[in-house]
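Observations on chain architecture
Residues per chain, in single letters:
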Amino acid sequence: MTSTDIAREGAVTGSIDAKCVTKSYNGRIALDSISFRVEPGQFYAVVGPSGCGKTTLLKIVHGLVRASSGEVHVNGLPVAEPCRSRAVVFQGDSLMPWRSVLDNIGFGLEMGGLKREQARAKARRYLELVELEDVAHYQPHQLSGGMRQRVNLARALAVEPEVLLMDEPFAALDAQTREVMQEELLRIWHQRSQTVMFVTHQIDEAVLLADRILVLGSRPGRVIRVVDVDLPRPRDLHMKRSAAFGELVEQVWSLISGEAQKESRRVQS
Ligand SMILES: Nc1ncnc2c1ncn2[C@@H]1O[C@H](COP(=O)(O)OP(=O)(O)OP(=O)(O)O)[C@@H](O)[C@H]1O
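Here the residue numbers are simple positions, counted from 1 along each chain's written sequence. A pLDDT threshold of at least 70 governs which residues receive local features in this predicted model, and a stricter bar of 80 or more applies before side-chain atom pairs are shown or counted, although totals over entire chains, interfaces and linings include all residues.

Here we come to the overall build of the protein. Runs of E in the DSSP output that reach at least two residues are strands. Runs of H or I that reach at least four are helices, and both are numbered from the N terminus. Per the secondary structure count, the protein includes 8 helices and 10 strands. Using C-alpha atoms as the atom set, the radius of gyration is obtained and then compared with a globule rule of 2.2 Å times the number of residues to the power 0.38. Computed over its C-alpha atoms, the radius of gyration of the protein comes to 19 Å, within 12% of the 18 Å expected for a compact globule of 269 residues. Reported as C-alpha extents along the three principal axes, the dimensions of the protein are approximately 65 × 40 × 35 Å. As a rule, residues whose C-beta atom has 12 or fewer other C-beta atoms within 10 Å are exposed, those with 20 or more are buried, and those in between are partly exposed; C-beta atoms are placed from the backbone. The buried share among the 269 residues of the protein stands at 36%. By definition, residue pairs are in contact when their C-beta atoms, positioned from the backbone, come within 7 Å. Intrachain contacts of the protein at a sequence separation of at least 6 include 70% that bridge at least 24 residues.

In structure tokens, the structure reads:
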């Protein structure tokens, strides 16, 4: 089976429905009544100022953090705790330094019950998907930052989750590698039609990748607007030069900076 066959397996699933999700920490509201829907196969970005609750929201969808009130359903089922149908890729790499690249990817599969050789065979297909088959036997310390994030991505995809959750996965990379990874993610997403919820600080990254952007404001974190990104696909970095791209970036930027101005007036008064 090739990586193209991986893309064709099964129908697209993975809707996310959040209804009136509120989260308080020590009596302070971090997220205030957040509702949104992600369609199966959609690329959904979440942007907003630092501290508006993007990571908290992603963790609630994952099941790692419980909402104080409201609920999240994935594919119609309530989210109560982390499970294999929702995989996460975080900013820093979380590879096990003592395992080879191949066995890092295979780890989740072994945990799911596959024998090591079966896990390796499957892991190899996902390594091919991220075009890293040449480094299957390397240890993580022998990889560049971009390669490590590709391995993280392969590891998350290998468990075949219904929903892929990504929390600023490229934030630690230099600008050039980040753009390479954006194109890489677009290529893989295009092949697989995988539901993705993607948290980022970078508005142009959200516009390049997403079908729809949830724009959050802060104090407390709440929905300011949901912006549809009606740019054609397939996309690549050249799209950043188009007028339509610039207009969307500007639109999201003004929503966020308008909020920041309101916030600074609140602090001064
Ligand atoms: N475990 C926790 N205990 C207490 N407060 C928390 C906890 N986790 C997050 N918070 C608070 O909740 C708010 C939202 O944090 P969160 O990390 O979700 O925001 P963010 O938008 O992802 O921030 P950034 O963009 O800076 O990563 C912040 O005020 C933060 O201090």
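Text resumes after the structure shown.
All residues in the neighbourhood of the ligand are listed as Tyr-25, Ala-30, Gly-48, Ser-50, Gly-51, Cys-52, Gly-53, Lys-54, Thr-55, Thr-56 and His-201. Per-element tally for the shell around the ligand: the top contributor is helix 2 (residues 54–62), with 3 residues. Three categories are distinguished: nonpolar for Ala, Val, Leu, Ile, Met, Phe, Trp, Tyr, Cys and Pro, charged for Asp, Glu, Lys and Arg, and polar for the others, with Gly belonging to the last. In terms of residue class, the shell around the ligand is built from 3 nonpolar, 7 polar and 1 charged. Any residue qualifies as near a molecule or strand once its backbone-derived C-beta atom lies within 6 Å of it.

Along the chain, Asp-211 falls in the loop between helix 7 (203–209) and strand 9 (212–217). For Asp-211 and Gly-41, which are 170 residues apart along the polypeptide, the C-alpha to C-alpha distance reads 9.9 Å. With residues up to four places along the chain from it excluded, the contact list for Asp-211 reads Gln-42, Phe-43, Tyr-44 and Val-229.

Annotation from UniProt places "domain: ABC transporter" (unreviewed entry) at residues 16–243. Across residues 16–243, helical content stands at 32% and strand content at 27%; the span's end C-alpha atoms are separated by 31 Å. UniProt positions are given in the numbering used here, feature names are shortened, and annotations may be inferred rather than shown by experiment.

With that out of the way, let us pick up the sheet that holds strand 4 (residues 69–74). A pair of strands counts as paired when DSSP detects no fewer than two bridges linking them. As summarised here, the arrangement of the 4 strands in space is 2-1-4-5, forming an open sheet in which the pairing is antiparallel. With one partner strand each, in any of the chains shown, strand 2 (28–38) and strand 5 (77–78) form the two edges of the open sheet. Pairing between strand 1 (residues 16–25) and strand 2: 7 bridges, direction antiparallel. Directly across from Lys-23, in strand 2, lies its bridge partner Leu-31.

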